[in-house]
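# Chain and residue survey
Spelled out from the first residue to the last, the chains are:
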Amino acid sequence: MLIIGIAGGTGSGKTTVARSVIDRLGPGKVTFISQDNYYKDNPHLTLAEREKINYDHPFAFENELLIEDLKLLKSGQPAYAPVYDFTVHARSKEEKLELKPNHIAIIEGLHVLSDENLRKLLDIKVFVDTDPDVRILRRVVRDIEERGRTIHSVHDQYLSTVKPMHEAFIEPSKKYADVILPEGGENEVGIQLLSILTEKYLTGDRTWGCS
Ligand code: CTP
């Protein structure tokens, strides 16, 4: 199984890049994984307390579980990822997401390249590099429309944790990327190149040595 990791700041277009590559390759060949599913659960805290957690620090994620699941998939077994609800900052108690073993897995998330153990499992490392003003505009709209936050909450969170964590951990992880993709989903040529490389693998050309 070939594992592609797609990192980048909030609102950079990681999901769009992953979905575009999957669309081009055709359904069924790629297993899509979001690092967001592996946000730690904090059931001991109240909703108001959970809203204030630093969700941009690498410690906010249970990467050990993500790594375990990737290893299961690599060995040909299914994995069952947690389902995360951003509106209540908690994992679903009942639901799990089945991840099927496949030819290719794409894992996208803020800290896909900043964790050394996770990096070791990746065959192709991509960093989506989108201007901060574009990213924050997208985030404001998304967090208010889909994730139940107010404009004040988005403002405070951006300045207190999102921006400093981006500068401390996410931006520096760019140096581990094999491919830097400016403007994410808008970058047709970059997405084509990534798809062609992945297709090469699907047709049996494994010249970069993954197993
Ligand atoms: N986050 C949050 N509340 C939570 C959990 C996470 O506000 N309970 C925020 C974090 O602050 C983090 C963001 O969610 O910055 C991570 O998601 P993001 O990378 O923005 O979303 P994707 O859709 O994965 O990325 P992209 O827009 O690049 O596709």
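None of the values given here were measured: they were computed from a predicted structure. The residue count restarts for each chain, going from 1 along the sequence in the order it is written. Restriction of local features to residues with pLDDT of at least 70 applies here, the model being predicted, together with a cutoff of 80 or more for giving and counting side-chain atom pairs; totals for whole chains, interfaces and linings are based on all residues. Derived side-chain values reflect all non-hydrogen atoms in the structure, with water molecules and hydrogen atoms excluded from consideration.

### Focus on the side chain of Thr10
Rule in force here: Elements are defined by DSSP. Helices are runs of H or I of four residues or more, strands are runs of E of two residues or more, and each kind is numbered from the N terminus. Only protein chains enter the area calculation, which uses a 1.4 Å probe; residues under 20% of their type maximum are buried, those over 50% are exposed, and those in between are partly exposed. Here a polar contact means two N or O atoms within 3.5 Å. Within protein one must be a hydrogen donor candidate and the other an acceptor candidate, and residues neighboring in sequence count only if both atoms are side-chain atoms. Residue contacts are counted whenever heavy atoms from the two residues lie within 4.5 Å of one another.
Within the secondary structure, Thr10 is located in the loop between strand E1 (2-8) and helix H1 (14-25). Given the relative accessible area of 6%, Thr10 is considered buried. Polar contacts involving the side chain of Thr10 include one to the side chain of Arg139, which spans 2.8 Å. If we ignore the near neighbours within four places in the chain, the residues touching Thr10 are Leu110, Arg135, Arg139, Arg142 and Val162.

### Quick notes on the UniProt feature "domain: Phosphoribulokinase/uridine kinase" (unreviewed entry) in the protein chain
We count it as follows: UniProt positions are given in the numbering used here, feature names are shortened, and annotations may be inferred rather than shown by experiment.
UniProt annotation of "domain: Phosphoribulokinase/uridine kinase" (unreviewed entry) refers to residues 3-189 when read in the numbering used here. Secondary structure content for residues 3-189 is 37% helix and 23% strand, while the C-alpha to C-alpha distance between its ends is 21 Å.

### Thoughts on the layout of surface pockets
The probe, sized like a water molecule, is rolled over the atoms to show the empty space still left. So the rule is basically this: For each structure, a 1 Å grid was placed over the protein atoms alone; sets of points admitting a 1.4 Å probe that cannot get out are labelled cavities, open sets with protein on both sides within 12 Å along at least five of seven lines are labelled pockets, and lining residues have an atom within 4 Å of a point. Grid points are joined across faces, edges and corners, and a volume is the space filled by probe spheres set on the points. Gly is put with the polar residues, along with every residue not named as nonpolar or charged; the nonpolar set is Ala, Val, Leu, Ile, Met, Phe, Trp, Tyr, Cys and Pro, and the charged set is Asp, Glu, Lys and Arg.
Looking at the largest pocket, its volume works out to about 670 Å³. Thr15, Asp36, Phe86, Arg142 and Arg147 are, among the 30 residues lining the largest pocket, the residues nearest its centre. At the level of elements, H1, strand E2 (30-34), strand E3 (79-85) and helix H5 (132-145) are the ones that each hand at least two residues to the lining of the largest pocket. Looking at the lining of the largest pocket residue by residue, the classes come out as eight nonpolar, eleven polar and eleven charged.

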